[in-house]
Amino acid sequence: GRLVGIQALGQALPFADGGLAAVIGVGAVGDPGALAQIGEWMRVVVTGGAVILVDRAPATDASRAALCAGLTEIAQRPAGRGVVTTGVVAAR
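Throughout, residues of each chain are indexed from 1 in the direction in which the sequence is written. Totals for whole chains, interfaces and linings use all residues, but because this is a predicted model, local features are given only for residues with pLDDT of at least 70 and pairs of side-chain atoms are given and counted only at 80 or more. Note that water and hydrogens are dropped before the side-chain values are worked out from all heavy atoms of the structure.

> I'd like a rundown of a nonpolar patch on the surface, residues and numbers included.
Patch definition: residues with relative accessible area over 30% and no salt bridge; like charges joined within 9 Å; nonpolar side chains (Val, Leu, Ile, Met, Phe, Trp, Tyr) joined within 5 Å. Each accessible area value is a Shrake-Rupley result obtained with a 1.4 Å probe; residue values ignore everything except the protein chains displayed when judging cover. Any Lys or Arg side-chain nitrogen found within 4 Å of a carboxyl oxygen on Asp or Glu counts as a salt bridge. Judged by side-chain polarity, Ile24, Val26 and Val54 come together as a nonpolar surface patch covering roughly 280 Å² of accessible area. In DSSP terms, a helix is any run of H or I states spanning at least four residues, a strand is any run of E spanning at least two, and both are numbered starting from the N terminus. Following the sequence through the fold, Ile24 ends up in strand E1 (residues 20-26).

> Could you give an account of the sheet that holds strand E3 (residues 71-79), naming the residues involved and the relevant values?
Strand order in this open sheet of 4 strands is E1-E2-E4-E3, and the pairing throughout is mixed. Strands at the two margins of the open sheet, each flanked by one partner only, are E1 and E3. Strand-to-strand, the axes of this sheet are offset by a mean angle of 15°, without reference to chain direction. Being paired, for any two strands, means DSSP has found at least two bridges between them. Bridging between strand E2 (residues 45-55) and strand E4 (residues 82-89) involves 6 bridges; their strand directions are antiparallel. In the sheet register, Val54 faces E4, and the bridge partner there is Val84. Any two residues having at least one pair of non-hydrogen atoms within 4.5 Å are treated as being in contact. A fitted line through C-alpha atoms represents every axis, and for helices the fit uses only the stretch in contact; the resulting angles, taken between N-to-C directions, go from 0 to 180 degrees. Contacts from helix H2 (residues 59-69) reach E2, E3 and E4, with the element oriented near 160° to E3.

> Give a description of the pattern of salt bridges that names residues and reports values.
On inspection of all chains with the given rule, the structure shows 3 salt bridges. Its salt-bridge partner being Asp17, residue Arg43 comes within 2.6 Å of it at the nearest N-O pair. Of this pair, Arg43 sits in helix H1 (residues 34-43) while Asp17 sits in the segment before E1, and the two are 26 residues apart along the sequence. Taking the relative accessible area as the measure of exposure, Asp17 reaches 59% and is therefore exposed. With a closest N to O distance of 3.1 Å, Asp61 and Arg64 form a salt bridge. Within this pair, Asp61 and its partner Arg64 are both found in helix H2, separated by 3 residues, close to a single helical turn. For each residue, the accessible area found with a 1.4 Å probe, counting protein chains only, is set against the maximum for its type, and the residue is called buried under 20%, exposed over 50%, and partly exposed in between. Of the residues examined, Asp61 reaches a relative accessible area of 31% and is grouped as partly exposed. One salt-bridge network, held together by shared partners, links Asp17, Glu40 and Arg43.

In structure tokens, the structure reads:
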């Protein structure tokens, strides 16, 4: 496969449902629309693929957002002043 990086606004990504292996989302956790944003990222990721959240929000907020959005197999690690939270898109 190829590795492709595309930058886009996250509210309505220009990709088919389940068309990507992974998405890296930056800065959504503290936003009031975080669950909708993460849901849109999940929409474009294949079942079993990864959504990676990079944020300066507290780790507890990031894990809560990931779980509430429906991601599974949540893992976290600190990254400088922020946290990286990864989750797997479950079967729809």
